[in-house]
Amino acid sequence: MDKERRLAATRAVRAGGKPPQSVTVPKVPPIYTSSVFTFDYLEQIDEVYEGRSPGYVYSRQRNPGIDLLEEAVCSLECGSEAVAFASGMGAITCSVLALVRSGDHVVAGRVLYGGTLTFFKDDLPKRGVETTFVDTNNLDEVRSAIRPNTKIVYCETISNPLMEVADLTALVEIAHSAGALLVVDNTFASPVLCRPLEYGADVSINSTTKYLNGHSDVTGGVAVFAPYVSGESACGEDAGGPAGTEPPAAKVRALAALYGPTPSPFDAWLTVRGLRTVDLRVRKCSENALELARFLCGHPKVGVVHYPGFESSPYHDLGKKYLSGGYGGMLSFEIKGGSLESARAFIDSLSMVELVPSLAGVSTTVSHPGKTSHRAIPLEERKTYGVGDGLVRVSVGIEDYADIEKDFRQALDAVPVR
Ligand SMILES: Cc1ncc(COP(=O)(O)O)c(C=O)c1O
């Protein structure tokens, strides 16, 4: 190889490889795509690993942009520490797996996101962990399900897809008096409406795929932890938590660093950008959802409507207690008779509103839990708690409300009267 070519090869590899020197910092933090970090000398590796010098080693373990996402969600949830994941399910499964071991027991809500139910029902037993499913709003049932080896009580702040609101304070009391942790999936409420750690929960998890990112272009999840024994949370409150040897956050971070369900730096960056507007979006979604729920309730073809914003909802009082700034952008309903045919006729007649098996983007979408999130749960089982094939779930967006109602009205008009 001649000298010129050799130089070109080296320059191609080396030139432009260091961040520029600057006394000013970018207004918006960059996307730290680097998978690894460079050290000036060998001892520096020990210094960074042992926390004696600030720094990063390897992005599966920690990355500056992912740290910023964790800091932002931790602050929103008023927690003491957060761990980010490549999906909401990553956050749920890794958090639970890090906090239980073979022989332990979990008490979980029977109405939860379908993926979470499948994890508790089918995956945890293979690891020697049994789950008892309960109606988390029936506190006697929760109490009687507790066993000496119960390590986690698990619920969703607002349940998917029935919008039941959990009585967080009561569940904390039951969990802690049994020496267990309360782990809450806060995805449907988002920290805009509820911060479970403020009520004493130990872990609050968000699928950031939903409201926190909010633009349907990222899959992610973040678990946020209360101070373990005692200390200041991001909002200056002591959120408590039972005492023990190793803090839950440390256990979850260690498991995540080992298993590697790390989000991509670009997704972390997009999520931080998305969450800058989460407060505005969630409030507007909630406003539109309340109006839509009222419209559906008054419509002659509509049967049950699940939304905690109604005074008549069995979850209204809990909603008033735990949700602030609105009752959320999610609702679900059945056409009278509750058949799959009428749900199909309605969904297929929508024109602006899209059929999307996710939620919490800026646009209004509908989903069919039986065919999507709860597909793996047998119909006969789902029907016992109200998730039949006639159930339509709505994620209300931030459009002008009149346009949402117009589309729902024309789609309901198209549903044959039976
Ligand atoms: C309430 C709830 N929790 C968790 C998840 C899982 O999140 P992800 O899809 O980001 O894994 C979902 C997904 O729809 C959900 O609705």
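Residues numbered from 1 in each chain as written. Predicted model: local features only at pLDDT ≥ 70, side-chain atom pairs only at ≥ 80, totals over all residues. Heavy atoms only, no water.

1. A word on the packing of helix α11 (residues 278–297) against helix α15 (residues 401–413)
- Direction vectors running N to C along α11 and α15 enclose 30°, while the axes themselves pass 10 Å from each other. For the element pair α11 / α15, the angle class is roughly parallel. Where α11 crosses over α15, the handedness of that crossing is right-handed. Facing α11, whose interface residues are N288, E291, L292, F295 and L296, α15 presents Y401, I404, E405, F408, R409 and L412.
- Split into classes, the residues belonging to the contact of α11 with α15 amount to seven nonpolar, one polar and three charged. (Axes fitted to C-alpha atoms, helices over the stretch in contact; angles between N-to-C directions. Helix = DSSP H or I, 4+ residues; strand = E, 2+ residues; numbered from the N terminus. Parallel < 35°, antiparallel > 145°, perpendicular 65-115°, else oblique. Left-handed = near helix turned anticlockwise from the far one by under 90°. Contact = heavy atoms within 4.5 Å. Nonpolar A, V, L, I, M, F, W, Y, C, P; charged D, E, K, R; others polar.)

2. Quick notes on the sheet that holds strand β4 (residues 150–156)
- In spatial order, the strands read β1-β7-β6-β5-β4-β2-β3; together these seven strands make up an open sheet with mixed pairing. Edge strands, defined here as strands with exactly one partner in the open sheet, are β1 (81–85) and β3 (130–134). The mean inter-strand angle of the sheet, taken between neighbouring strand axes irrespective of direction, is 20°.
- Against the sheet, helix α5 (residues 114–123) touches β2 (105–109), β3 and β4, its axis set at about 135° to β3.
- Those strands touched by helix α9 (residues 248–259) are β1, β5 (181–185) and β7 (221–225), and its axis lies near 25° from that of β1. (Pairing = 2+ DSSP bridges.)

3. Concerning the packing of aromatic side chains
- Taken as a whole and judged by the stated rule, the model has eight aromatic pairs.
- A ring pair is formed by F120 and Y154, whose centres lie 5.0 Å apart and whose planes are at 70°; its orientation type is edge-to-face. Taken together, the residues span a long stretch of sequence, with F120 in helix α5 and Y154 in strand β4 at a distance of 34 residues. For the pair shown, F120 and Y154 are each scored as buried.
- Through pairs of rings, three or more aromatic residues link up here, namely F119, F120 and Y154. (Phe/Tyr/Trp six-rings, centres within 6.5 Å; stacked < 30°, edge-to-face > 60°. Buried < 20%, exposed > 50% of the residue type's maximum accessible area, 1.4 Å probe, protein only.)

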